[in-house]
Amino acid sequence: MTTQQAKYEYLLRLGDSSLIMGHRLSEWCGHGPILEEDIALINIALDFVGNATSLLTHAAQVEGKGRTEDDLAYLRNERDYRNLLLTEQPNGDFARTIARQFLYDVYTFFLYEELKNSKDETIAAIAAKSHKEITYHLRHTTEWMLRLGDGTPESHQRVQTALNELWMFTSDLFDMNEVDALLITEGVAVDLDKVKEQWEKRVTAVISEATLLVPTTNVKQKGSREGKHSEHLGFLLAEMQYIPRSYPDAKW
Amino acid sequence: MNTTLPSKEDILLLLSEITDPEIPVITIIELGILRDVIWDGTLCTVVITPTYSGCPAMKVIEDDIKIKLKEVGINNVKIDLVYSPAWTTDWITDTAKEKLSAYGIAPPDHSTIDKGVLMGKPRNLKCPQCGSIHTEMISQFGSTACKALYRCLDCKEPFDYFKCL
């Protein structure tokens with residue numbers, strides 16, 4: 001594997017995760033539990049899609065085959081997608097959306113903090129930009145975790161169930177392969193073991209403060225690095241890619 | 001026919017007429033979105049930076065720049081979108097902050113976000129309507145990516161706050 005190939009893979013992971021996360025959140029548009037929350041979720045979705053645009057533009061440049069960020073977003077199938085399994089999980093109820101988002105926000109908060117020092121200047125610049133936005137996302141989901149966990153018996157039970165069901169996808173966040181090995185030596189990528197330590201500490205602290213329990217399941221689902229996804233991604237892409245695939249020359 | 005080429009200063013002056021599509025009282029220069037203009041007599045490169053990654057106003061701003069330059073006969077325009085250094089509310093000029101306030105949007109009141117933003121309490125902002133500091137945050141996310149939603153507890157009016165980044 002060349003550095004160029006590894007970088008392309010790495011950028012897809014970051015960019016695809018943002019894109020799928022953004023798309024999932026955008027599904028809340030017009031369905032939020034209250035107007036302010038509807039607006040908040042869509043604002044956050046917009047940040048993710050913007051971040052994905054920058055990352056996939058860079059990925060397309062690194063790939064060097066003349067593709068654009070739109071080609072990458074709209075013309076790849078699920079096995080070519082490298083987004084984290086957590087990001088493609090369905091929204092479920094509001095507690096589930098918040099729990100998923102919280103687990104992901106803590107991850108990106110620490111990951112992007114490290115990526116600011118990447119030797120790839122474009123990645124470092126995008127990370128510096130996005131980290132400011134992620135800080136607001138994490139504040140938002142942290143507040144909701146506390147409100148839901150330490151709220152009514154109903155909200156407590158719902159967010160606990162969400163955590164229990166999503167927990168099996170969290171080991172996928174820290175999975176590393178030869179792409180990481182190569183890019184860590186080159187100072188481009190981040191050692192995810194380091195991120196994992198910070199993630200566990202923060203997640204545990206918030207879960208405890210929210211009077212919730214850290215799930216104890218040993219079941220682990222991995223595979224996003226090889227494009228092995230849960231069944232949900234195909235349905236998501238079918239919707240997201242419908243227009244550009246049906247009308248390939250459409251402009252808007 | 002006058003063939004004198006406009007200078008870089010002329011171009012900057014021209015582009016300073018472009019306002020933010022979502023906050024039409026301040027210009028892209030006052031906001032700190034326009035970073036530089038490189039003009040070699042044939043190609044005009046305009047360097048801009050987004051406020052937020054997904055800000056939908058960027059596309060409109062790019063189009064506005066091209067239209068403005070076309071008016072003075074510059075058709076060969078390249079827009080360079082840069083992310084570094086990352087945009088910060090610190091770049092909003094004092095004049096622009098006053099304009100924001102007069103427009104009904106509370107301007108960012110302190111510089112770059114600190115760790116306190118993670119768990120800390122939002123501070124009491126001055127209501128741009130009545131000036132009271134008896135205000136509270138309704139939501140960290142407002143009508144656009146760059147704003148939060150507040151309300152004044154005295155005059156009861158809601159207002160936007162241009163949040164710090």
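The written sequence of each chain sets the order in which its residues are numbered from 1. All chains are assigned letters beginning with A, and all ligands numbers beginning with 1, in the order in which they are written. Per-residue local features are limited, in this predicted model, to residues with pLDDT of at least 70; the limit for side-chain atom pairs, both in listing and counting, is 80 or more; totals at the level of whole chains, interfaces and linings are taken over all residues.

Caption draft 1: Examining the overall build of chain A more closely. Strands are runs of DSSP state E lasting at least 2 residues, helices are runs of H or I lasting at least 4, and numbering of each runs from the N terminus. In terms of helices and strands, chain A carries 11 helices and 0 strands. When the helices and strands of chain A are listed from N to C terminus, the series reads α-α-α-α-α-α-α-α-α-α-α. The atom set for the radius of gyration is the C-alpha atoms, and the globule formula is 2.2 Å times the number of residues raised to the power 0.38. Its C-alpha atoms give chain A a radius of gyration of 18 Å, near enough to 18 Å, the size a compact globule of 252 residues would have. Across its three principal axes, chain A shows a C-alpha extent of roughly 55 × 45 × 30 Å. Our contact criterion uses C-beta atoms placed from the backbone: two residues qualify when those atoms are within 7 Å. Long-range pairs, those at least 24 residues apart, make up 76% of the contacts in chain A between residues at least 6 apart in sequence.

Caption draft 2: Examining the sheet that holds strand 3 (residues 77-81) of chain B more closely. Residue and element names in this part refer to chain B. Pairing is mixed in the open sheet, where 3 strands are placed in the order 1-2-3. At either end of the open sheet lies a strand with only one pairing partner, and these are strand 1 (34-39) and strand 3. With strand direction ignored, the average angle separating the axes of adjacent strands in the sheet is 20°. Here strand 1 pairs with strand 2 (residues 44-48) via 5 bridges, running antiparallel. Looking across to strand 2, one finds that Leu 34 is bridged to Ile 48. For helices, the fitted line uses only the C-alpha atoms of the stretch in contact; every axis is such a line through C-alpha atoms, and the angle between N-to-C directions lies from 0 to 180 degrees. Packing of helix 3 (residues 57-71) onto the sheet brings it into contact with strand 2 and strand 3, and relative to strand 3 it is tilted by some 150°. Only when DSSP finds a minimum of two bridges between them are two strands counted as paired.

Caption draft 3: Quick look at the interface of chain B and chain A. Residue-level contacts link 19 residues of chain B with 23 residues of chain A. Taken together, the elements giving at least two residues each to the side of chain B that touches chain A come down to helix 5 (116-119) and strand 5 (135-139) of chain B. Sort the elements by how many residues they give to the side of chain B that touches chain A and helix 5 of chain B lands first, with 3 residues. In this classification, the charged set is Asp, Glu, Lys and Arg, the nonpolar set is Ala, Val, Leu, Ile, Met, Phe, Trp, Tyr, Cys and Pro, and all remaining amino acids, among them Gly, are polar. When the residues that make up the side of chain B that touches chain A are grouped by side-chain class, the tally is 13 nonpolar, 6 polar and no charged.

Caption draft 4: Here's a closer look at the environment of Arg245(A). All names here are of chain A. Note on placement: Arg 245 falls in helix 11 (residues 242-246). Any residue whose C-beta has 12 or fewer other C-beta atoms within 10 Å is treated as exposed, any with 20 or more as buried, and any in between as partly exposed, C-beta atoms being built from the backbone. Residue classification places Arg 245 among the exposed residues on the basis of 12 C-beta atoms within 10 Å. With 170 residues separating them along the chain, Arg 245 and Leu 75 place their C-alpha atoms 7.3 Å apart.

Caption draft 5: Representation of the confidence of the model for chain B. Residue and element names in this part refer to chain B. How sure the predictor is of each residue is captured by pLDDT, a score from 0 to 100. For chain B, the average pLDDT comes to 86, and 90% of its residues sit at 70 or higher. For chain B, per-element mean pLDDT is lowest for helix 5, which scores 47, and highest for strand 2, which scores 94. This model gives residues 112-119 a pLDDT under 50, and the stretch forms 14 contacts once residues within four places in sequence are excluded. Both confidence scores are given for the complex: pTM 0.90, ipTM 0.79.

Caption draft 6: Molecular detail of the packing of helix 5 (residues 94-115) of chain A against helix 9 (residues 192-209) of chain A. Residues and elements named next belong to chain A. At a minimum axis separation of 9 Å, helix 5 and helix 9 run at an interaxial angle of 140°. Compared by their axis directions, helix 5 and helix 9 come out oblique. Pair helix 5 / helix 9 crosses with right-handed handedness. Here helix 5 contributes Leu 103, Val 106, Tyr 107, Phe 110, Leu 111 and Glu 114 to the contact with helix 9, which in turn contributes Val 195, Gln 198, Trp 199, Arg 202 and Val 203. Along the lines of polarity and charge, the residues of the contact of helix 5 with helix 9 split into 8 nonpolar, 1 polar and 2 charged. Working definition: roughly parallel below 35 degrees, roughly antiparallel above 145 degrees, roughly perpendicular at 65 to 115 degrees, and oblique for all remaining angles. Crossings are assigned a handedness: left-handed for a near helix turned anticlockwise from the far helix by less than a right angle, right-handed for a clockwise turn.

Caption draft 7: Highlighting helix 10 (residues 232-240) of chain A. All names here are of chain A. For helix 10, the full list of buried residues reads Leu 233, Leu 236 and Leu 237. Relative to the axis of helix 10, the buried residues are bounded by an arc of 95° and lie together on one face. Away from the buried face of helix 10 by more than 90 degrees, exposed residues Phe 235, Ala 238 and Glu 239 are located. Tucked inside the fold, the buried residues of helix 10 contact helix 1 (3-26) and helix 4 (85-88). Starting at the helix axis, one direction is taken to each C-beta atom, and the arc is that of these directions.

Caption draft 8: Examining the packing of helix 1 of chain A against helix 8 (residues 178-185) of chain A more closely. All names here are of chain A. Viewed as axis vectors pointing N to C, helix 1 and helix 8 meet at an angle of 110°, and their least axial separation amounts to 9 Å. As judged from the angle between their axes, helix 1 and helix 8 are roughly perpendicular. Between helix 1 and helix 8 the crossing geometry is left-handed. Seen from helix 1, the contacting residues are Thr 3, Ala 6, Lys 7, Glu 9 and Tyr 10; seen from helix 8, they are Val 179, Leu 182 and Leu 183.

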